[in-house]
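Fold and geometry: a report
Now for the letters of each chain:
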Amino acid sequence: MSKIKIVGLGSVLLLVVSVAGFVLSQESTSLKADYSKVEYQIPMRDGVKLFTAVYAPRDKSQKYPILLTRTPYSIPPYGADNYPRRIGPSALFAKEGYIVVYQDVRGKHMSEGKYSDVRPHNPNKQAKTDIDEASDTYDTIEWLLKNIPNNNGRVGMWGISYPGFYTTMGILSGHPALKAASPQAPIADWFIGDDDHHNGALFLMDAFSFNLALGWPRPKPVMSEFREFNYGTNDGYKFYLELGSVANAQSKYFKGQVEYWNDLVKHGTYDEYWQSRNILPHLKNVKTAVLTVGGWFDAEDLYGPLKTYQTIEKNNPGIINHLIMGPWCHGCWSGSGEQLAGVSFGSRTGTWYQENVELPFFNYYLKDKGEAKLPEATIFATGANEWRSYPQWPPANTQGKALYFHANGKLSVDAPTETAGYDQYVSDPADPVPYSGRITTERGTRYMIEDQRFASKRADVLSYQSDALSENLTLSGPIVANLFASTSGSDSDFIVKLIDVSPDGQQLLVRWEVMRGKFRNSYTNPEPFKPNDPTKVTINLNDVAHTFKQGHRLMVQVQSSMFPLIDRNPHKFLDIYHAQDSDFQKATQRVYRSSELASHLKVLILKN
């Protein structure tokens, strides 16, 4: 089977093969010599059959555990005589000896049934027709245990990104044979923090490219659902600006044929559609050992792994629940992890994780091999470029501090004493701040760690910078921005970025997040701004583990656009997904820094 050709799509789609667990290539003769391959149509409780490929060791001198991945991204190469280059999370698993299983989820590629994006969990099933991803996982495991020879009765699950979500759903299956699960960059909530939305703001590049490639109807099972799209330019900023309002994507491209896009633009608030797809409230009564994996520079799912770990930890005291966060982009722990976008991390962090965390985790719980000595949290501190272990996350030995905005672009732990003061800029939807200094239609991964000097030069970006540090400073744990802001419009986005400024002037992006202003108090009941009236806007920037070295400076940037990564806010309180091009207007934004309206970041500083 030849490599899938995808023209002009974001890296979220270029990763779909790797997140499934292997890369298409010429047939691997060594893998074929050591493993047999059989393809099955496994029946679910409602009669729908799911296409499943099973790779089993030819050596029958021992029994092997089953390692299952469920994915909507296809499981090529199809055909019993066709083998991928690699099976399992890393090449170590084929050498170790596992029965590796891949499955097309319901309604995707070669499986039967109807697909549903992030299918809601149903904890109260009454009939065989009441299915969800947990029940499909349960039925799959049950069938595999009964029908795959030479298995040892234990099952593990893993998956990156969407397959990470299916792994979390597998945990909810409650199957007693599921002894270990590793949700990696798992989706948790598609409106608040993962993939297509962050705090209600639409991630336009991701949603548009993903649905153009994979969102179309599938009348019958097919080996590949991927469609090509040619932007006709290499300038994504220009393409999306000329697209105009998000509403134009429907009339120009989707034309009502893509079900998820229809749902996305129909459900513009955190209503039942999105709430039912939030997996976090269901993470109770977990029995399996869990290893949640995430990357500090994951452009798609940073929120998901952190919230999955935290929720399991809170709701299931005493269970085996590990977190590992490395200096990785989306799924980059499957590679060497030595550098990202030219920034070196000083070692092969991905290789280290594969050898010292991932394989030992599954070996212990599925093979009784080795020792259960993984720490609760294995965290890579960027900046210092070193692994650190903690008995809890966030670590206990931290001190809360506030970083306050001051006049003349100063950032300090001292609260402002001025009775009045603000900085302002004009946000123009016709000239939005670009999310990257590159000219590209591919969203890419590097913007999460990109030098921000391209943005700090703009008049519509505010920058606040500390003095040079006299000693190293490590932030470990959540970061929360508390802005006191106003807009001359009735809605606005506010974006906050934390940046590490090196002595040579480079501005390394460490963490950032956006809040669609109308959701500042409630995701379900949006509220307009009162024009020019200061109000508090709180933004959770997610967690961080970063050392700002001696001589470096901390910088905070505030802006109101990050295009075309995020769709433009028209600065009017309305349904943005159905806004007209004429609705977009300039707005004057103010960020306040007085004693009464003291905009700041809350951080946790690691002691010693």
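Up top you'll find the structure we're talking about.
All of the points below concern the structure found in this document. The structure displayed is predicted, hence computed values, not measured ones.

Interaxial distance between helix α7 (residues 204–214) and helix α10 (residues 259–266) falls to 9 Å at its minimum, and their mutual angle equals 150 degrees. Comparing their axes, α10 and α7 come out roughly antiparallel. Contacts between α7 and α10 involve A207, F208 and N211 from the first element and Y260, W261 and L264 from the second. Per-class residue counts for the contact of α7 with α10 are five nonpolar, one polar and no charged.

Attention now goes to α7. For α7, the tally of buried residues reaches eleven of eleven residues, placing the bulk of the element in the interior. Looking at α7, one finds that the buried residues are L204, M205, D206, A207, F208, S209, F210, N211, L212, A213 and L214.

Orientation of helix α5 (residues 133–147) relative to helix α6 (residues 162–171), taken along the N-to-C sense of each, is 75 degrees, at an axis distance of 8 Å. Put simply, α5 runs roughly perpendicular to α6. In this structure, α5 contributes E133, A134 and T137 to the contact, and α6 contributes F165, Y166, M169 and G170. Here the contact of α5 with α6 is composed, by residue class, of four nonpolar, two polar and one charged.

Counted by the stated rule, this structure contains 26 salt bridges. Between D451 and R453 there is a salt bridge whose closest N-O contact spans 2.7 Å. With a closest N to O distance of 3.8 Å, D583 and K572 form a salt bridge. On the criterion of sequence distance, the pair formed by D583 in the loop between β23 (553–559) and β24 (587–592) and K572 in the loop between β23 and β24 is long-range, its members being eleven residues apart. Judged by relative accessible area, which is 17%, D583 ranks as buried. Salt bridges sharing partners connect three or more residues here, namely D46, R70, R106, R119, E133 and D136.

The rules we used
Residues numbered from 1 in each chain as written. Predicted model: local features only at pLDDT ≥ 70, side-chain atom pairs only at ≥ 80, totals over all residues. Heavy atoms only, no water. Axes fitted to C-alpha atoms, helices over the stretch in contact; angles between N-to-C directions. Helix = DSSP H or I, 4+ residues; strand = E, 2+ residues; numbered from the N terminus. Parallel < 35°, antiparallel > 145°, perpendicular 65-115°, else oblique. Contact = heavy atoms within 4.5 Å. Nonpolar A, V, L, I, M, F, W, Y, C, P; charged D, E, K, R; others polar. Buried < 20%, exposed > 50% of the residue type's maximum accessible area, 1.4 Å probe, protein only. Salt bridge = Lys/Arg side-chain N within 4 Å of Asp/Glu carboxyl O.

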